[in-house]
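Chain and residue survey
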Amino acid sequence: MTKTLLFLLTICLTTQAYSQVINFQLGGSLSNLNWSVADIPGRASLVNVDETVYEEYIIGPSMFFGLDYLNHKYYNLSSNIGYIQKGGRYTEDRILYILDEKAQLHYLSFNTCVDVKLPLKESTHAFLRFGPRIDFLASTKGSIITNLSGPNTGEIKDLMYGLMVGAGVKHDLNKLQIGLRFDYYLNLTNIAQYTYSRKYAVLGYGEGTLQDNSFVFSVVLGYHLR
């Protein structure tokens, strides 16, 4: 993992020499977790399993540094590295209290995208963006994470691969650039694959997968290097 991070940082430093805009993106993530459990052939079927647990959305922080380069009228490339929180929430109305649990996953994320631009005015343009991304798991917090990490369950994966799909608008003010951006994290891998044997199962075992849906809304502040 350390070698991979050094490689990504080297790419960023090398790219900076040819970049045209350096920017800072600050925003929030909206995410939930969804997981499914299937019966294992030849074993007892699961009973009393709630697959909607942690499907309520939570809001978390998101912060990225980016470099836009190879800037042309209708497109540019953009490389970004930063932090995003993913996770989900589970609430249940009990007799004497309301159960409220959160599961949080903290990632260092890197992406390189193509921004396809649509000029609106001389100094303003909208854009669509897409490209590959990789997420490195830094830490976790929450009961579902604890339950998935242990004997006979399978561990949370350290790496997530996927695509970044988004849109936004940017406006140039001389050397400065301001904008708004929306991104969706499309996953090509699961957070975990495991054998289900949690306390919620009254009988039997199952094989399951844990996935997330994550959206990011950001305010972008950039500076033209040349």
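Residues numbered from 1 in each chain as written. Predicted model: local features only at pLDDT ≥ 70, side-chain atom pairs only at ≥ 80, totals over all residues. Heavy atoms only, no water.

1. Thoughts on the overall build of the protein chain
Helix and strand counts for the protein chain come out as 2 helices and 9 strands. Looking at the 226 residues of the protein chain, the share that counts as buried comes to 44%. Contacts in the protein chain between residues at least 24 apart in sequence constitute 72% of all its contacts with a sequence separation of at least 6. For the protein chain, the exposed surface amounts to about 12000 Å²; the carbon and sulfur share of it is 63%. (Helix = DSSP H or I, 4+ residues; strand = E, 2+ residues; numbered from the N terminus. Buried < 20%, exposed > 50% of the residue type's maximum accessible area, 1.4 Å probe, protein only. Contact = heavy atoms within 4.5 Å. Areas by Shrake-Rupley, 256 points an atom, 1.4 Å probe, with all protein chains shown as cover.)

2. Describing the packing of aromatic side chains
On inspection of all chains with the given rule, the structure shows 5 aromatic pairs. For the pair Tyr-54 and Tyr-90, a centre-to-centre distance of 5.9 Å together with 45° between the ring planes defines the contact as tilted. Of the two residues, Tyr-54 is situated in the loop between strand E1 (19–39) and strand E2 (58–69) and Tyr-90 in strand E3 (residues 75–93); the sequence distance between them amounts to 36 residues. According to the relative accessible area criterion, Tyr-90 is buried, its value standing at 9%. Where Phe-182 meets Phe-217, the ring centres are 5.1 Å apart and the plane angle is 45°; that geometry is what we call tilted. One end of the pair, Phe-182, is in strand E7 (residues 176–187); the other, Phe-217, is in strand E9 (residues 206–224), with 35 residues separating them in the sequence. On the basis of relative accessible area, Phe-182 is assigned to the partly exposed category, the value being 31%. A cation over an aromatic ring shows up here: Lys-170 above the ring of Phe-127, its NZ or CZ 5.2 Å from the ring centre. (Phe/Tyr/Trp six-rings, centres within 6.5 Å; stacked < 30°, edge-to-face > 60°. Lys NZ or Arg CZ within 6 Å of the ring centre and 35° of its normal.)

3. Looking at the nonpolar core
Counting 23 residues, the largest nonpolar core has Leu-33, Leu-105, Tyr-107, Ile-144, Ile-156, Ile-191 and Leu-210 as its most contacted members. Broken down by secondary-structure element, the contributors of at least two residues to this core are E1, E3, strand E4 (98–121), helix H2 (143–148), strand E6 (159–173) and E9. Examining the composition of this core, we find that 5 residues originate from one element, E4, more than from any other. Setting aside its immediate chain neighbours within four residues, Leu-105 contacts Leu-33, Ile-84, Gln-85, Lys-86, Gly-87, Leu-137, Ser-139, Thr-140, Ile-145, Ile-156 and Ile-191. (Core = buried A, V, L, I, M, F, W, Y, C linked by side-chain atoms within 4.5 Å.)

4. Quick notes on a nonpolar patch on the surface
There is a patch of nonpolar side chains on the surface, built from Val-116, Leu-128, Phe-130, Leu-159, Tyr-161, Leu-163, Val-165, Leu-186 and Leu-188 and spanning about 770 Å² of accessible area. When contributions to the nonpolar patch are tallied by element, the ones reaching two or more residues are strand E5 (124–141) and E6. No other element matches E6, which puts 4 residues into the nonpolar patch. Inspection of the secondary structure puts Leu-128 in strand E5. Note on Leu-128: relative accessible area 54%, which makes it exposed. (Patch = residues over 30% accessible without salt bridge, like charges linked within 9 Å, V, L, I, M, F, W, Y side chains within 5 Å. Salt bridge = Lys/Arg side-chain N within 4 Å of Asp/Glu carboxyl O.)

5. Side note on the pattern of salt bridges
Following the criterion strictly, the structure yields 7 salt bridges and no others. In this structure, Lys-86 engages Asp-135 in a salt bridge whose closest nitrogen and oxygen atoms are separated by 2.9 Å. With Lys-86 in strand E3 and Asp-135 in strand E5, this pair connects stretches of sequence that are 49 residues apart. Across the pair, Asp-135 and Lys-86 agree in class, each one buried. As a salt-bridge pair, Asp-135 and Arg-133 come within 2.6 Å of each other at their nearest N and O atoms. Owing to a relative accessible area of 3%, Arg-133 belongs among the buried residues under this scheme. One continuous salt-bridge network, built from bridges that share partners, spans Lys-86, Arg-133, Asp-135 and Asp-212.

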